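Coordinates in review
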Amino acid sequence: MERGGKEHFIGLEWLRFLLGLYIVVFHTLHTYKLKDQVPWLMDMVGVGFFATSSFFVLSGFLLAHVYCRNGELREAATSFWAKRFSNLYPLHIFSLLLTFTVLTIISHLGIPPDDVKATVRFVVYDTNVDLGEAGRASLEHYMSNGELLLNSFLQVFMLQAWNPYYLTFNAPLWSISTLFFFYLTFPFAAPYLMQVKHKVLWITALMLIYLVPPLLVIWNGDYGMPFTGILHRMPIIRIPEFFAGIVSYALFRQLRDSGRDPKLFTRVMMTLFVLVCFFGAIWLLKGERYWYFLLHNGLLLPAQLTLIYLCALAGTPRSEWFNNWSRRLGAASLPLFVLHVPAFVLFSRTEKIFNVFSFECLQNWESCAVQASEQTLSIWFYPLFLLLTIILCVWSMERAVVPTRKWILKRLPLTTTKPV
């Protein structure tokens, strides 16, 4: 492989695609009420934060690989920011437009009980307090005009992750907001982090720093608002993951350049370590509430770093067709994160309506909507949803995001090389 930004990690392309797909399953599979039939499967797909955190770590790892050379940025900070902004913002806006379109459609369909509440004003407060099904109603909230105006402002400027009380419009878009903050810090932090000595100690220190906020929350017993939202998505709280990814790449590059890639036995042990941590998290999440905060914010960071390191070691296959699709699917990972919710809402309502649709529905839609609400989603159609969502994300990235990104870059101040 070639050095620097020309080296392509096919293993990491597949990892980021699978992380995005895992998030899709995490947010949607529970709708099929499979907990009693296949509890082990629901446990397996119930650790969504592992995928999100891994994605943030991976972002730091890959950006350090692409934009750092000999411990310095290979281009000016303005160039980096322009490229990152033009990559995030079109997808952000596309997701919002899709969300508003879907909300408009389902509000007109009015399938009870949830779709009658479909509006951009509807939110659910973010808390880790177990209120049960009966308590969910107390968490539902309709934003006032002032709240709607404020949160619209936050969305337009990709600042919505800084609202710790609830998620608005399309909930997973908070990840875009958090990534945007990470990107703002990268030109300042990456050159320093790439050159630190004792990299393992730095990674350990970052993990310990990351654990401080959840430990404080647990110490005070603050499992409700706004502390759950702060730990969940506040960019300044989550940034140790991103920084750890940068230092991890510096360590990876140091070991690879010195010919010290881990041998087969070491790789097997690293794989076992990741698996033990993942299944251990599943087990611990069934215990005391504090485990969620600790696992979510720092305790799994060594396993996430190890997973990324292992995938970066994977060789590049000779098949150009395979490599091309690896890149295309990898590029679709971020759209998977932010487009799957409106896609699933539309897919699930369509399935319910198809199950009861007849010409009588055209004359008495209210009765038809009630019948649709009584329909149970079929798990046999779920693979079709996943396939259509992947197609949507690949298409949106290649046909919508990339052309818009090119259009934006032509109109932004851009310096392609770092001034001497």
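Scroll up to find the structure this text is about.
What this report covers is the structure whose coordinates are included nearby. In this convention, every chain numbers its residues from 1, walking through the sequence in written order. Per-residue local features of the predicted model are confined to residues with pLDDT of at least 70, and side-chain atom pairs are confined, for both listing and counting, to 80 or more; whole-chain, interface and lining totals are unaffected and use all residues. The side-chain values count all of the structure's non-hydrogen atoms but skip hydrogen atoms and water molecules.

1. A closer look at the state of the cysteines
- Sulfur atoms of two cysteines make up a disulfide when they are within 2.5 Å. By the definition in use, this model includes one disulfide.
- The disulfide partner of Cys361 is Cys368, and the gap between their sulfur atoms is 2.0 Å. Judged by the sign of its S-S torsion, about 65°, the cystine formed by Cys361 and Cys368 is right-handed.
- Only protein chains enter the calculation, and the probe is 1.4 Å; a residue is then buried if its accessible area is under 20% of its type maximum, exposed if over 50%, and partly exposed in between. Taking the relative accessible area as the measure of exposure, Cys361 reaches 5% and is therefore buried.
- Here Cys368 falls in the buried class, since its relative accessible area comes to 1%.

2. Details of the pattern of salt bridges
- Between Lys or Arg on one side and Asp or Glu on the other, a salt bridge is scored when a side-chain nitrogen of the former is within 4 Å of a carboxyl oxygen of the latter. Under the counting rule described, the total for this entry stands at 12 salt bridges.
- Here Lys35 and Asp43 are joined by a salt bridge, their closest N and O atoms 3.0 Å apart.
- We classify Lys35 as partly exposed; its relative accessible area is 47%.
- Note that Glu398 is salt-bridged to Arg328, the shortest N-O span being 2.6 Å. Taken together, the residues Glu398 in helix H18 (residues 382-409) and Arg328 in helix H14 (residues 320-331) connect sequence positions 70 residues apart.
- Residue class for Arg328 comes out partly exposed when judged on its relative accessible area of 27%.
- Connected through salt bridges with shared partners, the residues Lys35, Asp43 and Lys286 form a single ionic network. Only runs of H or I of at least four residues qualify as helices and only runs of E of at least two qualify as strands under DSSP, and these elements are numbered from the N terminus.

3. Regarding the packing of aromatic side chains
- Geometry of aromatic contacts follows a simple scheme: Phe, Tyr and Trp rings, the Trp one being its six-membered ring, pair when their centres are within 6.5 Å, and the pair is stacked under 30 degrees between planes, edge-to-face over 60, tilted otherwise. Enumeration over the complete set of coordinates arrives at 39 aromatic pairs.
- Measuring from centroid to centroid gives 5.8 Å for Phe56 and Trp174, while their planes differ by 80°, and the two rings are edge-to-face. Taken together, the residues span a long stretch of sequence, with Phe56 in helix H3 (residues 48-67) and Trp174 in helix H7 (residues 174-194) at a distance of 118 residues.
- With relative accessibility at 0%, the residue Phe56 sits in the buried group.
- Centre to centre, the rings of Tyr125 and Tyr166 are 5.7 Å apart; their planes meet at 65°, and the pair counts as edge-to-face. Taken together, the residues span a long stretch of sequence, with Tyr125 in the loop between strand E3 (122-124) and helix H5 (132-135) and Tyr166 in the loop between helix H6 (145-156) and H7 at a distance of 41 residues.
- Members of the aromatic cluster, each reached through a chain of ring pairs, are Phe56, Tyr67, Phe80, Trp174, Phe182, Tyr183, Phe186, Phe242 and Phe243.
- Above the ring of Tyr223, the side-chain terminus of Arg289 is found at 4.1 Å from the ring centroid.
- Whether a charge sits over a ring comes down to the Lys NZ or Arg CZ being within 6 Å of the ring centre and within 35 degrees of the ring normal. Over the aromatic face of Trp325 sits the side chain of Arg328, whose NZ or CZ is 4.3 Å from the ring centroid.

4. What about the layout of surface pockets?
- The rule is simple: put a 1 Å grid over the protein atoms alone, call a set of points where a 1.4 Å probe fits but cannot get out a cavity, call an open set with protein on both sides within 12 Å along at least five of seven lines a pocket, and count a residue as lining if it has an atom within 4 Å of a point. Grid points are joined across faces, edges and corners, and a volume is the space filled by probe spheres set on the points. Reported here for the second largest pocket is a volume of approximately 920 Å³.
- What lines the second largest pocket is a set of 33 residues, among which Glu13, Arg16, Leu62, Val66 and Arg84 lie closest to the centre.
- Per-element tally for the lining of the second largest pocket: the top contributor is H3, with eight residues.

5. Let's talk about unusual backbone geometry
- The omega torsion across Met225 and Pro226 is -5°, close enough to zero to call that bond cis.
- Secondary-structure assignment places Pro226 in the loop between helix H8 (199-220) and helix H9 (227-233).
- Residues other than glycine seldom take positive phi values, yet His198 does so here, at roughly 55°.
- Residue placement: His198 occurs in the loop between H7 and H8.

6. Details of empty space enclosed by the protein
- Under the criterion given, the structure shown has two cavities of 30 Å³ or more.
- Here the largest cavity defines a volume of roughly 50 Å³.
- Around the largest cavity, the lining residues are Asn151, Gln155, Gln160, Asn163, Tyr166, Leu167, Thr168, Asn170, Ala171, Leu173 and Trp174.
- By the convention adopted, Pro, Cys, Tyr, Trp, Phe, Met, Ile, Leu, Val and Ala count as nonpolar, Lys, Arg, Asp and Glu as charged, and the other residues, Gly among them, as polar. Here the residues of the lining of the largest cavity sort into five nonpolar, six polar and no charged.
- Empty space within the second largest cavity amounts to approximately 30 Å³.

7. Here's the deal with a nonpolar patch on the surface
- The patches reported here contain residues having more than 30% relative accessible area and no salt bridge. Joining distances are 9 Å for like charges and 5 Å for nonpolar side chains (Val, Leu, Ile, Met, Phe, Trp, Tyr). The method behind every accessible area is Shrake-Rupley, applied with a 1.4 Å probe, and residues are considered shielded solely by the protein chains displayed. Together, Trp40, Met44, Leu264, Phe265, Val268, Met269, Leu272, Leu275 and Phe279 line one region of the surface with nonpolar side chains, adding up to about 940 Å² of accessible area.
- Elements represented by at least two residues in the nonpolar patch include exactly helix H2 (39-44) and helix H11 (264-284).
- Element by element, the count of residues in the nonpolar patch is highest for H11, at seven residues.
- Along the chain, the position of Phe279 falls in helix H11.

8. Digging into the side chain of Ser59
- When you line up the elements, Ser59 lands in helix H3.
- By the convention used here, residues are in contact when the closest approach between their heavy atoms is within 4.5 Å. Those residues in contact with Ser59 that lie beyond four places of it in its chain are Leu179 and Phe242.

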